[in-house]
Amino acid sequence: MERKQIKKALVSVYHKDNLDVIIKKLYEDGVEFLSTGGTKSFIESLNIPCNAVEDLTGYPSILGGRVKTLHPKIFGGILSRRDLEQDNAQLNEFEIPEIDLVIVDLYPFEATVAAGADEPTTIEKIDIGGISLIRAAAKNYKDVVIVASQAQYNPLLEIINSNGANTTLEERKWFAKEAFGVSSHYDAAIFNYFDGDDKSAFRLTEDNAKMLRYGENPHQKGIFYGKFDDMFEQIHGKEISYNNLLDIDAAVNLINDFDDITFAILKHNNACGIASRPVLVDAWKDALAGDPVSAFGGVLITNAIVDKVTAEEINKIFFEVIIAPDYDLEAIEVLSQKKNRIILVLKNAKLRPQQVRTLLNGVLVQDKDTHTETADDLKVVTTKVPTEQEIGDLLFANKIVKHSKSNAIVLAKNKQLYANGVGQTSRVDALRQAVEKAETFNFDLKGAVMASDAFFPFPDCVQIASQAGVTAIIQPGGSINDNKSVDTCNENEMSMVTTGYRHFKH
């Protein structure tokens, strides 16, 4: 396969970390350098000669650095087609040197926006020369290598370490593809900044594609785009699957709503066991008691450091994934006994503020349901007022139902999930499923509370709950039949609070 020699490189970067190794290796292979400002000084600090862009163009950097490389003697050397006599003749006529390698990165626009900078500062971080160099070099990949970000430093270094300062067409095309990925992401970020809350168009780009074993089912292809390692450290276990990722996302969203020491078990994105306790091992035992059958093969998550005692109890069952902010060394030794078990440390629980899904021939976007009710949100609508313990249980149950597939009902007591009914086509079916499940695992529902993700269109659920032993209910309210549900509560000496917040989840 034919390889093209790199003779001249234009280097103009904002971030210079790890650049020195590349510069030194290229210089050893006879490459000449062309640069501006700080990058030129950096190259010369390595005792390597570097020509100034200003000397080639005959123009200094102007307009406060806004114009440095925007000149025909730069872009002509990048865009010239080496196999066209006309292009070569013009290069000779105007004394334009060929540029075979461009190493450039972009001003940190996204980081500037994230830091809350004012508009003038943000605008100055919109790169003009860099983005132009990237597009020009990538367009002419048949003759030019483009390195558009630090992420491509290592691939370039591997090539020049193995083969010297020369590249194949296939390698140059790969770098061009990566470069257009950088430029498109950069432009999308700038558009979203200017678009603001208008949301006039959908622009979302994600790098770091991770091929999964398969999608939801073995016959489906699955890919995750994102920086998983920014959120988690995987310290043990097999490769994470598509379905694992769905459950991990659901688990993190759920646990983020709890401040008390809490342990949760999830299956198919729904909690099948969860409890809050002062001691972690007790939270685990009571979470497991909620549904020890469904816990098999589940995803576990806690907001506390896992100790050896808790790990030994957890180790008694089969599960796919465990997530925690940290683990004692003895706990890791216990949990690592199963080679495929995935052990994750949750480093950063910050999640995206919006949900996105493809739908029909378009994309559906909504803000995430981030509202978590507090005692101040509760409006007592019955004669009977819930006790302090019932209020604690109502808020606990309401957090769970918020993260359950609709229609959903949660039954809880003493900050423990007794049972739930999820994903049902009617609220009555969801409640009956929950009651039956509670009875299956020998839970006494007398004094339990009930949470519903949406209002009761009829009082039938209230009546069923009363017969089961439930004494307090939390629901959004808003039905034209709210008064009938309230009357049924009063007749059965139950308390009910409304929140005004519905929590549908599909």
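Our subject is the structure that appears above.
What counts and how
Residues numbered from 1 in each chain as written. Predicted model: local features only at pLDDT ≥ 70, side-chain atom pairs only at ≥ 80, totals over all residues. Heavy atoms only, no water. Salt bridge = Lys/Arg side-chain N within 4 Å of Asp/Glu carboxyl O. Helix = DSSP H or I, 4+ residues; strand = E, 2+ residues; numbered from the N terminus. Buried < 20%, exposed > 50% of the residue type's maximum accessible area, 1.4 Å probe, protein only. Axes fitted to C-alpha atoms, helices over the stretch in contact; angles between N-to-C directions. Parallel < 35°, antiparallel > 145°, perpendicular 65-115°, else oblique. Left-handed = near helix turned anticlockwise from the far one by under 90°. Contact = heavy atoms within 4.5 Å. Nonpolar A, V, L, I, M, F, W, Y, C, P; charged D, E, K, R; others polar. Patch = residues over 30% accessible without salt bridge, like charges linked within 9 Å, V, L, I, M, F, W, Y side chains within 5 Å. Areas by Shrake-Rupley, 256 points an atom, 1.4 Å probe, with all protein chains shown as cover. Pairing = 2+ DSSP bridges. Phe/Tyr/Trp six-rings, centres within 6.5 Å; stacked < 30°, edge-to-face > 60°. 1 Å grid on protein atoms, 1.4 Å probe; cavity = no way out; pocket = protein on both sides within 12 Å on 5 of 7 lines; lining within 4 Å. Points joined across faces, edges and corners; volume = space filled by probe spheres on them. Lys, Arg positive; Asp, Glu negative; His and termini not counted. Charge placed at Lys NZ, Arg CZ, Asp CG, Glu CD. Right-handed = clockwise from strand over helix to strand, strands pointing away. Core = buried A, V, L, I, M, F, W, Y, C linked by side-chain atoms within 4.5 Å.

S.K.: It is not clear to me how the pattern of salt bridges should be interpreted in this structure. Could you clarify?
M.R.: It is possible for side chains of opposite charge to pair when their charged atoms get near one another. Taken as a whole, this structure holds 17 salt bridges when the rule is applied. Note that Arg352 and Glu206 form a salt bridge whose closest N and O atoms lie 1.9 Å from each other. A residue pair is termed long-range when its members are at least 10 positions apart, and Arg352 in the loop between β15 (342-346) and β16 (354-359) and Glu206 in the loop between α10 (169-195) and β8 (209-211) qualify at 146 residues. Accessibility expressed as a relative area gives 32% for Glu206, which makes it partly exposed. Here Lys316 and Glu313 are joined by a salt bridge, their closest N and O atoms 3.1 Å apart. Judged by its relative accessible area of 61%, Lys316 is exposed.

S.K.: Can you walk me through unusual backbone geometry in this structure?
M.R.: The omega torsion across Ser406 and Asn407 is -10°, close enough to zero to call that bond cis. Relative to the assigned elements, Asn407 resides in the loop between α16 (388-402) and β19 (409-413). For Asn47, which is not glycine, the phi dihedral falls at a positive 65°. By the element assignment, Asn47 lies in the loop between α2 (37-45) and β4 (51-52). Exposure remark for Asn47: the relative accessible area of 70% places this residue in the exposed category.

S.K.: Explain the packing of helix α1 (residues 19-28) against helix α9 (residues 153-163) to me, please; I cannot follow it from the model alone.
M.R.: When two helices pack together, their arrangement is given by the angle between the helix axes and the distance between those axes. Axis separation between α1 and α9 bottoms out at 10 Å; the angle between their running directions is 25°. Regarding the angle of α1 to α9, the classification is roughly parallel. The hand of the α1/α9 crossing is left-handed. Across the interface between the two elements, Leu19, Val21, Ile22, Lys25 and Leu26 from α1 touch Tyr153, Leu156, Leu157, Ile160 and Asn161 from α9. Residues of the contact of α1 with α9, tallied by class, amount to eight nonpolar, one polar and one charged.

S.K.: For this particular structure, what's the right way to read a nonpolar patch on the surface?
M.R.: The grouping of Phe202, Leu204, Val356, Val363 and Val365 at the surface amounts to a nonpolar patch, some 390 Å² of accessible area in total. Relative to the helices and strands, Val356 is located in strand β16.

S.K.: Looking at this model, I keep getting lost on the packing of α9 against α10. Mind explaining?
M.R.: Running from N to C, α9 and α10 point in directions that differ by 170°, and their axes come no closer than 11 Å. Taken together, the axis directions place α9 and α10 in an arrangement best described as roughly antiparallel. Facing Pro155, Leu156 and Ile159 of α9, the residues of α10 in contact are Glu171, Trp174 and Phe175.

S.K.: Hey, could you run me through the sheet that holds strand β2 (residues 8-12) in this one?
M.R.: Strand-to-strand pairing in sheets goes through backbone hydrogen bonds, with the strands running parallel or antiparallel. In space, the five strands of this open sheet follow the order β4-β3-β2-β5-β6, with parallel pairing throughout. The open sheet has two edge strands, β4 and β6 (145-147), and neither has a second partner. Judged from the four bridges that link them, β2 and strand β5 (residues 101-104) form a sheet pairing that is parallel. Opposite Leu10, over in β5, you have Val102 as the bridge partner. Across the sheet, α1 lies against β2, β3 (32-35) and β5, angled at about 165° from β5, the strand it touches most.

S.K.: Help me understand the packing of aromatic side chains in this model?
M.R.: Aromatic ring pairs are described here by two measures, namely the spacing of the ring centres and the angle between the planes. Within the structure shown, the criterion is met by eleven aromatic pairs. The interplanar angle of 70° and the centroid separation of 5.9 Å between the aromatic rings of Tyr14 and Tyr107 together place this pair among those described as edge-to-face. Linking Tyr14 in the loop between β2 and α1 with Tyr107 in the loop between β5 and α6 (109-114), this pair joins segments that are 93 residues apart in sequence. Using a relative accessible area of 40% as the deciding quantity, one classes Tyr14 as partly exposed.

S.K.: Help me understand the layout of surface pockets, please; the structure alone is not making it clear to me.
M.R.: Taking a probe equal in size to a water molecule and rolling it over the atoms shows the remaining empty space. Estimates place the volume of the second largest pocket at around 470 Å³. Along the walls of the second largest pocket sit 26 residues, with Gly65, Lys68, Tyr107, Asp127 and Gly129 positioned nearest its centre. Mapped by element, the contributors of at least two residues to the lining of the second largest pocket are α2, α7 (119-124) and α8 (129-139). Classifying every residue of the lining of the second largest pocket gives nine nonpolar, ten polar and seven charged.

S.K.: Where do I start with a negative patch on the surface in this structure?
M.R.: Together, Glu233, Asp326, Asp328, Glu330 and Glu333 make up a negatively charged patch on the protein surface. Positionally, Glu333 belongs in helix α15 (residues 329-335). The exposure class assigned to Glu333 is exposed, which follows from its relative accessible area of 58%.

S.K.: Would you take a moment to explain the pairing of β3 for this structure?
M.R.: Looking along a regular strand, one sees the side chains alternate between the two faces of the sheet. Pairing of β2 with β3, which is carried by four bridges, proceeds in the parallel orientation. Counted as the bridge partner of Lys8 is Glu32 from β3. Considered for its hand, the β-α-β crossover made up of β2, α1 and β3 is right-handed. In the sheet, β3 pairs with β4 via two bridges, with the strands oriented parallel. The residue of β4 that forms the bridge with Leu34 is Asn51. A crossover links β3 with its parallel partner β4, the connecting element being α2, and its sense is right-handed.

S.K.: How should the nonpolar core be read in this particular structure?
M.R.: One broad rule of soluble globular proteins: the nonpolar side chains tend to lie buried together. Core analysis: the biggest nonpolar cluster contains 53 residues, and Phe33, Ile103 and Ile146 have the highest contact counts within it. Among the elements that make up this core, the one with the highest residue count is α10 (seven residues). Look past the residues within four positions of Ile103 in its chain and what remains in contact with it is Leu10, Val11, Ser12, Val13, Leu19, Ile22, Leu26, Val147, Tyr153 and Leu156. If you look at the next biggest cluster of nonpolar residues, it comprises 41 residues, including Ile240, Leu378, Val422 and Ala472.

S.K.: Can you walk me through the side chain of Ser149 in this structure?
M.R.: Tracing the chain through its elements places Ser149 in the loop between β6 and α9. With near-sequence residues (within four places) excluded, Ser149 lies in contact with Val104, Asp105 and Val182.

S.K.: What am I meant to see in the pairing of β16 here?
M.R.: Note: β16 against strand β17 (residues 362-367), six bridges, orientation antiparallel. Residue pairing in the sheet places Val356 in a bridge with Val365 of β17. What sits between β16 and β17 in their antiparallel hairpin is a turn of two residues, with Leu360 showing a positive phi close to 50°.

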